[in-house]
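Survey of secondary and tertiary structure
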Amino acid sequence: MKKLLLSMALVACAQIGFAQSGKLHVQANLAGLTDSVVVLSVEQGNKQLGTFAAKDGKFDFDVDVDHVQDIVLATPATLRRQESKFVSFVAVPGESVELTGNIAERYDFAGSKFYQQYHEADLAMENAQKELIEYTNGLQQRLQAGESEEAIGKEYREKWPAMRDKLFDALTAYIRQHPDQEASAALIPSFKNDVAKMEEAAGMLTADVKNGRMKPYYQGAIDRIKSSSEREQAAARKQEAGVTAPDFTLNDINGKPLSLSSLRGKYVLLDFWGSWCVWCIKGIPQMKEYYNKYKGKFEILGIDCNDPEQKWKDAVKKHELPWLHVYNPRDSKVLEDYGIQGFPTKILVGPDGKIVKTVVGEDPAFYTFLDETFGK
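Please read all numbers here as calculations on a predicted model, not as lab measurements. (Residues numbered from 1 in each chain as written. Predicted model: local features only at pLDDT ≥ 70, side-chain atom pairs only at ≥ 80, totals over all residues. Heavy atoms only, no water.)

1. Observations regarding the confidence of the model for the protein
Put simply, the rule reads: The predictor's confidence in any single residue is recorded as pLDDT, a number from 0 to 100. Working definition: helices are DSSP H or I runs of at least four residues, strands are E runs of at least two. Numbering for both runs from the N terminus. Contact criterion: two residues are considered in contact whenever any of their non-hydrogen atoms come within 4.5 Å of each other.
Residue-level pLDDT values for the protein average 90, and 94% of them are 70 or greater. Taking the mean pLDDT of every element in the protein, the minimum, 87, falls on strand S8 (residues 107–111) and the maximum, 98, on strand S11 (residues 267–273). Below a pLDDT of 50 lies the segment residues 1–20, which in the model reaches 82 contacts outside its immediate sequence neighbourhood of four places, other chains included.

Given below as structure tokens:
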């Protein structure tokens, strides 16, 4: 099948009998692969599990995996961001897998019993994703042709829910038809962020599969999403309109302490950003435009996050940012107090010190909000 951005791992055929307990045997014949391949553990933050030699796209090795987990096989140049050649799939100890195809375009798998089933499950996934992939590819082409990100983003947000539901329905149908296959359990994390759907799918599995070696894999995904959801809910409570913005004191660009409370009586836009954040930097021109457009009606307080101090200062100078700035050291509790989950996060605080609105990400709707608030 084709390598798809939204796809789960593809699985392939291999000869049975090579793998040992605690190891996954991997064989491949992949065009586009040259001298070596690096194996990464996704759950361990892409920790390297080993580097193995390859010749003319072929390799044959055992990799240590003591439990079911997602792994990635990538070229060294991919890790250096010089190319994009990788394969991702669920690694099951005691099994063997063979990958065939083109590492940059399309690859297929089969092998021991688990991977034969997983291959069939992935074909079902590929078919279910076809409409969505074609649509997102079309959007990318329209962006490259010059259509505005705002218009395309609006259209995507409107159409995505129905496409997602269609994909989830297809996955649910497959699991319902194959409840006794471990590959069905491997599909459960594909119900992105929908705990109810994931738990519904787990409930369809036979007892042997549900409680077998795949349980830590799919249950771990469910637990992570639940934990993330709880964090997001806690963050939302801290960022709700009407909540008093926690006061803080941080050093400004000149090394002098600056408190949020010292700006009481005016609108203050807290901009949590970093020089490393692509979307933060991308939004600077429009931030400057609106800062000048409503000059005197609100102040911006940039709060740098996760930068070395000198790099922060260099970024402020490089991008000629005209508003107030403070540096947020790693031992500060400001991010925790405000429940910051992503960057950029913009929080407008009113003259009374209470939060008016919070926007996460570089969202065009934020500037519409500024027009509605200050353009009267």
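The rest of the description comes next.
2. Notes on the nonpolar core
Keep this limit in mind: As used in this record, nonpolar core signifies buried Ala, Val, Leu, Ile, Met, Phe, Trp, Tyr and Cys residues forming a set joined through side-chain atoms within 4.5 Å. Any residue under 20% of the maximum accessible area for its type is buried, any over 50% is exposed, and the rest in between are partly exposed; the area is computed with a 1.4 Å probe on protein chains only.
In this structure, Leu24, Leu73 and Phe89 are the most contacted members of the largest nonpolar core, which totals 56 residues. Apart from residues no more than four positions distant in its own chain, Leu24 is found in contact with Phe61, Asp62, Val63, Val65, Ile71, Phe89, Ala91, Val92, Glu95, Ser96, Val97 and Tyr115. By size, the runner-up hydrophobic cluster in this structure holds 24 residues, among which are Leu269, Trp273, Cys277 and Trp323.

3. Some remarks on the sheet that holds strand S13 (residues 324–328)
Rules: Note on pairing: DSSP must find at least two bridges between two strands before they are called paired. Helix axes are fitted only over the stretch in contact, all axes being lines through C-alpha atoms; the angle between N-to-C directions runs from 0 to 180 degrees.
Pairing within the open sheet is mixed, and its seven strands lie in the order S10-S9-S13-S12-S11-S14-S15. Since the sheet does not close on itself, it has two edges, and those belong to strand S10 (257–259) and strand S15 (355–360), each with one partner. The average undirected angle you get between the axes of adjacent strands in this sheet is 30°. Of the pairings in the sheet, the one linking strand S9 (residues 249–252) to S13 comprises two bridges and is antiparallel in character. Paired with Asp252 across the strands is Val326, a residue of S13. Where helix H9 (residues 284–293) meets the sheet, its contacts fall on S11, strand S12 (298–305) and strand S14 (345–349), and the angle it forms with S12 comes to roughly 150°.

4. Let's talk about the packing of helix H2 (residues 113–144) against helix H3 (residues 149–177)
Axes are the key here: two packed helices are described by the angle between their axes and the distance separating the axes. Put simply, the rule is: In what follows, roughly perpendicular refers to angles from 65 to 115 degrees, roughly parallel to angles under 35, roughly antiparallel to angles over 145, and oblique to any angle outside these ranges. The classification used treats Ala, Val, Leu, Ile, Met, Phe, Trp, Tyr, Cys and Pro as nonpolar, Asp, Glu, Lys and Arg as charged, and all other residues, Gly among them, as polar.
The contact between H2 and H3 brings their axes to 11 Å, and the two run at 170°. Here H3 runs roughly antiparallel to H2, going by the angle between their axes. When its residues are assigned to classes, the contact of H2 with H3 shows 16 nonpolar, three polar and seven charged.

5. Describing the pattern of salt bridges
Side-chain pairs of opposite charge can arise where the charged atoms are in close proximity. As a reminder of what qualifies: Any carboxyl oxygen of Asp or Glu within 4 Å of a side-chain nitrogen of Lys or Arg constitutes a salt bridge here.
Enumeration according to the criterion identifies 16 salt bridges in this entry. Measuring nitrogen to oxygen at the nearest pair gives 3.7 Å for the salt bridge that ties Arg106 to Glu126. A residue pair is termed long-range when its members are at least 10 positions apart, and Arg106 in the loop between strand S7 (96–102) and S8 and Glu126 in helix H2 qualify at 20 residues. The class for Arg106 is partly exposed, based on a relative accessible area of 38%. Between Glu155 and Lys159 there is a salt bridge, and its shortest N-O distance comes to 3.6 Å. Placement of the pair is Glu155 and Lys159 together in helix H3, with a separation of four residues, close to one helical turn. Overlapping salt bridges bring together Arg142, Glu147, Glu155 and Lys159 as one network.

6. Side note on the sheet that holds strand S6 (residues 86–91)
Here four strands make up an open sheet; going across it, the order is S3-S2-S5-S6 and the pairing antiparallel. Only two strands of the sheet have a single neighbouring strand rather than two, namely strand S3 (47–53) and S6. Across the sheet, the mean angle separating the axes of adjacent strands is 20° when strand polarity is ignored. Here strand S5 (residues 69–74) pairs with S6 via six bridges, running antiparallel. The residue of S6 that forms the bridge with Ile71 is Phe89.

7. Some points on unusual backbone geometry
Here the bond from Phe343 into Pro344 is cis, since omega is -10°, no more than 30 degrees from zero. For Pro344, the location among the structural elements is in the loop between helix H11 (334–338) and S14. With phi around 55°, Asp56 is a residue other than glycine that occupies positive phi space. Here Asp56 is to be found in the loop between S3 and strand S4 (58–64).

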